[in-house]
Amino acid sequence: MRRALTAAAAALAALLLAATPVAAAPPLPGEIVHTETVRMSDQSAITVSFTEWPIRALQSLDFTFEPTGGVEGRTGLVTTVSPSGDRAGLKGIVLQRRGDSIVLPRHPRARQVWGLDVVSLPEEGTWRFEFAVEGPGGTATGVLPVQAIEQPGPPLPLSWTIALAPWAPVVLLLAYGWRRSRTIRRAAGPAWSG
């Protein structure tokens, strides 16, 4: 009986090891739906890829940034300027910053490029992505205008109203229960226990 259990455990362990991926897979080519090439000041280029196109305001997507020659030995900075002129346009992203610029990290699913994972542009209009790539040969700069169209779906106030409407009876029931228990406590008055 013990041998059968040991053999079964060994077979299960072998199956689990065979099913475990060795390394994280890069994003599938099908995930990237649009690319733009930005000419940098030193005549190199940076390829910016998007997982959604056209970009809609408040729609989550991934960005990847791949400079000519790769990211090894380089640091990438991007300043996102919103349509209203705010130079720290993507304030909700918790990443390392240098002033208004975001220090580009490696993309979590494609370590060979820089990237922003599941980010949304909070405002519609023309955004400016201002790049600075620091490398052994100095710093190269470039700018990419990105158009964000209106947000998908209904307006946010309507969405929240629809989402919270089913909770209205619960709120009414809790208010009724609180009022009723308060009335009962008042009617009972102080009691002497002795």
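Predicted model, so just to flag it, every value in this text is computed and none were measured.

Draft legend 1. Local environment of the pattern of salt bridges. Summed over all chains, the structure comprises 9 salt bridges. A salt bridge links R87 to E130, with the shortest nitrogen-to-oxygen separation between them at 2.7 Å. In this pair, R87 is assigned in the loop between β5 (75–81) and β6 (97–98) and E130 in strand β10 (residues 125–135), connecting sequence segments 43 residues apart. The partly exposed category is assigned to R87, whose relative accessible area is 37%. Classification of E130 by relative accessible area gives buried; the value is 17%. Put simply, R98 and E134 hold a salt bridge, and the shortest N to O gap is 3.0 Å.

Draft legend 2. Broad picture of the nonpolar core. The biggest cluster of nonpolar side chains holds 27 residues, and the ones touching the most others in it are F63, F65, L121, F129 and F131. Secondary structure elements with two or more residues in this core: β2 (45–50), β4 (61–67), β9 (110–119), β10 and β11 (138–149). If sequence neighbours within four positions are ignored, F129 has contacts with F63, F65, V78, T79, T80, L121, G142, V143, L144 and V146.

Draft legend 3. Structural context of the packing of aromatic side chains. Scanning all chains against the criterion turns up 6 aromatic pairs. Measuring from centroid to centroid gives 5.4 Å for F63 and F129, while their planes differ by 45°, and the two rings are tilted. On the criterion of sequence distance, the pair formed by F63 in strand β4 and F129 in strand β10 is long-range, its members being 66 residues apart. For F63, a relative accessible area of 0% puts it in the buried group. Here F129 and F131 contribute two aromatic rings whose centre-to-centre distance is 6.5 Å and whose plane-to-plane angle is 45°, an arrangement assigned as tilted. Note on accessibility: F129 and F131 belong to one class, buried. Through pairs of rings, three or more aromatic residues link up here, namely F50, W53, F63, F65, F129 and F131.

Basis of the calculations
- Residues numbered from 1 in each chain as written.
- Predicted model: local features only at pLDDT ≥ 70, side-chain atom pairs only at ≥ 80, totals over all residues.
- Heavy atoms only, no water.
- Salt bridge = Lys/Arg side-chain N within 4 Å of Asp/Glu carboxyl O.
- Helix = DSSP H or I, 4+ residues; strand = E, 2+ residues; numbered from the N terminus.
- Buried < 20%, exposed > 50% of the residue type's maximum accessible area, 1.4 Å probe, protein only.
- Core = buried A, V, L, I, M, F, W, Y, C linked by side-chain atoms within 4.5 Å.
- Contact = heavy atoms within 4.5 Å.
- Phe/Tyr/Trp six-rings, centres within 6.5 Å; stacked < 30°, edge-to-face > 60°.

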